[in-house]
Amino acid sequence: MKTHFNELRSPQLRTWLFSAMVAVGLVTATGFPAASAWAQSDNTGDPAADPGTDTTSTGDPAAPDNTTPGQLTVQLSGTATANNDTELQISPPQFDTGLIEIGSSTSQTVMIKHAGAANSPSIQINEAELFGGTPDEYAVDFNGYTTLFPGDEVAVNVTFTPIYPGDKSAGLRMNVDGLTAPVVMMFKGKSRFPLTSDLLNSVDSINFGQTLAGTATTKNFTLTNDGDPTAPAVNISSFTLSGQNPNSFESNFTPTTLQPGDALNVAVSIKNNVTGFNQALATIEHDGNNDAIEILLEGTKVAAGSVPISFSTSKLNGASITRGTAAQFGPDGKFYVTEMDGAIKIYNIQRNGKDNYSATLTQTINSISQTPNHNDDGTPANLGNKRLVTGILVVGTAATPIIYVASSDPRQAAGPSGHDSGLDTNSGILHKLTKSGNNWIKQDLVRGLPRSEENHVPNGMVLQGNTLYLVTGGHTNEGAPSNNFAFTPEYALSAAVLEIDLAAIGNSTYDLPTLDDEDRPGVNDANDPFGGNDGKNQAKLIPTSPVKVFSTGYRNAYDLVMASNGKMYTFDNGPNPPWGGPPIGNCSNQVSEGGGFHPDQLHVVSQGSYGGHPNPTRGNKSNTFNASNPQTPIEGPANPADCNYKAAGQGDGSLTTILGSTNGMTEYTASNFFGQLQGDLIVSSFNKKITRVVLTPDGNGVASKQVLLDNFGTAPLDITSQGDNDPFPGTMWIIDNIDQDILVMEPSDY
C-alpha cells in the first residue's frame, strides 16, 4: 500500500512525520535546504522521533514484504509542507566555528528576533535543546521558554569546546508554539590536539678526551626547535652547570628564542687552568614541550710531556708485494707502492677497526718496468721488463695525480768479488706519470743519470714549485774507486742532491750531454745518453743545464724530506770496511782500498752544502777520462770541498748519527699525543728500529732521539706518515723489503 503524505487524515500523524523528517535532515523548519554536511541525524532513540518501523523499504510495490508477523508496514511518499512562522528570524542560521585546538574554546553569538509587524502576535519559544553528531562538545546559554514580542530579540551564545580531534557538527532545536516542526540552527567545526614544539639536542654527552693543560678546548652542540611551521616558538632561558666539576667548563650561551625550524649553535669549553679528570652536567631550561635538556661533559687535562707516546703495529691485509722499496699516499687518498722490479701498485685502503687495515689493489702500472735497458757500452740489454725503482713522489690533484719516479738498471754486481756486470752506469731516468682517465701517460724527463755498480742509485725526491730535488747515490765507499765497487769512479752527477728545472724541460725529454767516449767516437753516438762505460761516457755537469748540482757529499742518501720548518733533510748511509778508502794523493781517482765503518748521518741539505763523502771527479778537474782524448765532465770551476772525506759526526756537519742502515724518513705532522711529535723526523733503519728525531727550534740541530719501536720487521726500508687531514691521521706506513710486508703503526690515541 502506498499512501501520499497529504492523504493522511490525522493532523497529529502528519505533524509527527514532518518532525521526524526535520530531525533526520530531510528538510529544515526554517526554510533552509537540508544538508547532511552541516548536521548528522538526530536519531536519539526518542519515541517521538522513532516510530519503531523498518524504514529500509524501497517504495517499490513489487518489493517483498520484509515485515515480521504482527507488524504493519505503511509505505509513504509525497511532498512535505509545514506551517512556518516567517516572522521568527535566526542570524546566522548556520555557521562554522573553524579549527580549534583541544583545550581551547570559541564562541559565536546568534540572534533570534521577532521580525513581525508591531501588531503581530507574540512568538512563544518553548524547549530548546542541542542535537546532532557531537552535541556534547557544544554549549549554549539558551534553553528556550522565551516569549518574543514584535521587535524583540535574544542573543544566544554557542560555545565550541572540543574534547577529541576531528570534524564536529551539532544544532540547536527549538520548539515554537503554533509551528508544526521545530526551528533549527546548525553549526560545525574541527578540532586537533594543540601543536607543540620540542627542543632537540644534537648530543647527549661531550667528551673532550685528553687535552693539554694550559689550552682551552672547545666543542659545539646544536639546539633545534623541532615544531611544525605553525607551532609555537621555544624560549631557551638558561644554561647551568652542576655536578663534580662545574667550574671546569664554560659556555658562550645566551638566552634566546627559536622559531620552528631554527637552530642555535652552542660552544662549550673545558677551561685551560684545570688539571686531571673533570666532569659536569649541563642543564638547558626551555619552555618547549619536552623536559629540560641535560648534557654530560667530561674531559682530562694533562701536562705537556706527561702523555706517553706509543704505537701499535699490524700488517696491511690484502697487499701483495715482493720487494717493496717506496710508498706514499697520493692526493686521491690511494696508497702507491713501488716494487724493486719497477712495478707501481695502487691500493685503496680501508680501516676496519683498531690495528685492522685492508688493501684492495686497484691498478698496477708497468710502464716503468717496460723501459728499455742498456749495457754499459750503450748496447741494448734484454733484462725481461725490469727496472730498479727506489724513489717515488706522488703530487697533483685527486682527479689528476702525477707520479715522479726514478729508475735505473735492475742489475746489481760488485761486492767482495769485484765483478763488473756491465750494467749501465748511465741508466738513471727521471720519469713523470700523469693520470688520464684510467691510463697513465709516461714522460721521460731526464735520461742518463748515474748509477753505481753496487745498489747506489737515484732515490728520493722533493718538489718545490717547478724545481725537483733528486738524490743520486755515490759510486764508491769513501770516495775512491775500489774492488767492491768494481773500480768505478764517482761521476760528475753522482753522490749529490740534484736540482732539476721542470719548467725548462717542459713536455720534452732532456738527455744529459755526455763525454765523447773514445770507445765509440762521436760527440753524440747512437746510444747516448746510455752506456756510462765506467766514466768514459758519463754525463757532464754544465752550468746552463736544467740539471744542476744543489748539494754534494752523499754516499747513498735514500730519502729527502722538505720539512714544515722550510728545511730539507736527508739521512746518508755511512761506509763499510773494507769496501774502499778515501781519495789518495791530490784528490785523485786512484784505487784506494780499505775504509772504515761510520754510522749513518742526518744532514740539512742546502745550496752548496757538503755531506762529507768525496767526489774527486767534481773536486779536481785533473781527473780526466778517455786517455786518447782526455776530458773532464766538469764545465765550470771544480768544487774542492768534494776532495775531503769527513767522518760522520766529525766535521761532516751532520746533526746526529744512527748505527744501522737508515733509509726511510718522514716528518710527523699529525697532532696526536697533543702535538708532541709534530715537526719530528721519523726514520726507519735496517737495525729494525723506528726512531724519533726531535729537532731544535731552529731546525739546525737535534734535541733528542727516541726509539719508538724496536725489533720491528726484518728490513724496514721506507716510511711515510699521515697528517691530521689525511685519511688515517697519525698513522705511519712502513715497507719491509725482505718480509714482503707493509706494516702499519697506529697511534694509541687514534
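Q: Is there a simple way to think about the overall build of the protein chain in this case?
A: Check the secondary structure of the protein chain and you find three helices and 47 strands. Here the protein chain, with 750 residues, has 49% of them falling under the buried criterion. In the form shown here, the protein chain has an accessible surface area of approximately 32100 Å², with 48% of it arising from carbon and sulfur atoms.

Q: Mind showing me how you'd approach unusual backbone geometry here?
A: Excluding glycine, a negative phi dihedral is what most residues carry, and trans is how most peptide bonds are arranged. Cis geometry marks the peptide bond from Asp528 to Pro529, where omega comes out at 10°. Looking at the secondary structure, you find Pro529 in the loop between strand 35 (510–511) and strand 36 (547–552). Put simply, Pro577 and Pro578 share a cis peptide bond, and its omega is -10°. Tracing the backbone through its elements, the reader meets Pro578 in the loop between strand 38 (568–572) and strand 39 (600–605). Although it is not a glycine, Ala414 sits at a positive phi angle of roughly 55°. Mapped onto the secondary structure, Ala414 falls in the loop between strand 29 (401–408) and strand 30 (428–436). Under the relative-accessibility criterion, Ala414 is labelled buried at 11%.

Q: So what exactly am I meant to see when it comes to the packing of aromatic side chains here?
A: Aromatic rings in a pair are described by how distant their centres are and how their planes are angled relative to each other. All chains considered together, the criterion is met by 17 aromatic pairs. Ring centres of Tyr357 and Phe728 lie 5.6 Å apart, and the angle between their planes is 85°; on these two criteria the pair is classed as edge-to-face. Of this pair, Tyr357 sits in strand 25 (residues 356–365) while Phe728 sits in the loop between strand 45 (716–721) and strand 46 (732–736); the two residues are 371 residues apart in sequence, bridging distant segments of the chain. Across the pair, exposure class does not vary: Tyr357 and Phe728 are buried alike. With 5.3 Å between their ring centres and 75° between their planes, Tyr357 and Trp733 make a pair best called edge-to-face.

Q: What's the story with the sheet that holds strand 19 (residues 276–286) in this structure? I'm lost.
A: In a beta sheet, neighbouring strands pair by backbone hydrogen bonds and run either parallel or antiparallel. Spatially, 13-20-19-15-17 is the arrangement adopted by the five strands of the open sheet, whose pairing is mixed. Single-partner strands in this sheet number two, and they are strand 13 (205–212) and strand 17 (256–258). Strand after strand, the sheet turns through a mean of 25° between neighbouring axes, direction not considered. Inspection of the sheet shows strand 19 paired to strand 20 (residues 293–302) by nine bridges, in the antiparallel sense. What sits directly across from Phe277, in strand 20, is Thr300.

Q: Sorry if this is basic, but what is going on with the environment of Ala486 here?
A: Tracing the sequence through the fold places Ala486 in the loop between strand 33 (467–472) and strand 34 (496–501). Linking Ala486 and Gly418, residues 68 residues apart in sequence, is a C-alpha distance of 4.8 Å.

Q: How do you make sense of the pattern of salt bridges when you look at a structure like this?
A: Any two side chains of opposite charge can pair if their charged atoms end up close together. Within this structure, the stated rule accounts for 19 salt bridges. As a salt-bridge pair, Lys315 and Asp741 come within 3.3 Å of each other at their nearest N and O atoms. Of the two residues, Lys315 is situated in strand 21 (residues 311–315) and Asp741 in strand 47 (residues 741–747); the sequence distance between them amounts to 426 residues. Residue class for Lys315 comes out exposed when judged on its relative accessible area of 51%.

Q: Can you walk me through the nonpolar core in this structure?
A: The tendency in soluble globular proteins is for nonpolar side chains to be buried as a group. Grouped together as the largest cluster of nonpolar side chains are 25 residues, with contacts concentrated most on Val446, Leu468 and Ile500. Contributing elements (two or more residues each) for this core: strand 29, strand 31 (439–449), strand 33, strand 34, helix 2 (502–505) and strand 36. Residues in contact with Leu468, not counting those within four places in the same chain, are Leu393, Tyr404, Leu430, Met461, Val462, Leu463, Leu498, Glu499, Ile500 and Leu502. Formed by 24 residues, the second largest nonpolar core is a distinct cluster that contains Val110, Ala128, Val154 and Ala170.

Q: I tried to follow the state of the cysteines on my own but got confused; where do I start?
A: Covalent bonding between the sulfur atoms of two cysteines defines a disulfide. Counted according to the given criterion, the structure contains one disulfide. Disulfide pairing is shown between Cys587 and Cys643; the S-S distance is 2.2 Å. Residues Cys587 and Cys643 are joined by a disulfide whose S-S torsion is about -90°; by sign, that bridge is left-handed. Within this pair, whereas Cys587 is found in the loop between strand 38 and strand 39, its partner Cys643 is found in the loop between helix 3 (616–619) and strand 40 (656–658), the two being separated by 56 residues in sequence. The burial state of Cys587 is the same as that of Cys643; both residues are buried.

Q: I'm lost on the sheet that holds strand 40 in this one. Help?
A: One open sheet holds the four strands; their spatial order is 37-38-39-40, and the pairing between them is antiparallel. Each edge of the open sheet is held by one strand with a lone partner, namely strand 37 (560–562) and strand 40. The mean inter-strand angle of the sheet, taken between neighbouring strand axes irrespective of direction, is 25°. Both strand 37 and strand 38 contribute to a ladder of three bridges, which runs antiparallel. For Val561, the partnering residue across the bridge sits in strand 38 and is Tyr569.

Q: In this structure, what is going on with the confidence of the model for the protein chain? I would like to understand it.
A: The predicted coordinates of low-pLDDT regions are not to be read in fine detail. Chain-level statistics for the protein chain give a pLDDT mean of 89 and a share of 88% at 70 or above. Across residues 1–67 the pLDDT falls below 50, and counting only partners more than four positions away or on other chains, this stretch makes 88 contacts in the model. Counting contacts from residues 78–83, a segment whose pLDDT is below 50, to residues more than four positions away or on other chains yields 13 contacts.

Thresholds, definitions, all that
Residues numbered from 1 in each chain as written. Predicted model: local features only at pLDDT ≥ 70, side-chain atom pairs only at ≥ 80, totals over all residues. Heavy atoms only, no water. Helix = DSSP H or I, 4+ residues; strand = E, 2+ residues; numbered from the N terminus. Buried < 20%, exposed > 50% of the residue type's maximum accessible area, 1.4 Å probe, protein only. Areas by Shrake-Rupley, 256 points an atom, 1.4 Å probe, with all protein chains shown as cover. Phe/Tyr/Trp six-rings, centres within 6.5 Å; stacked < 30°, edge-to-face > 60°. Pairing = 2+ DSSP bridges. Axes fitted to C-alpha atoms, helices over the stretch in contact; angles between N-to-C directions. Salt bridge = Lys/Arg side-chain N within 4 Å of Asp/Glu carboxyl O. Core = buried A, V, L, I, M, F, W, Y, C linked by side-chain atoms within 4.5 Å. Contact = heavy atoms within 4.5 Å. Disulfide = S-S within 2.5 Å. pLDDT = per-residue confidence, 0-100.

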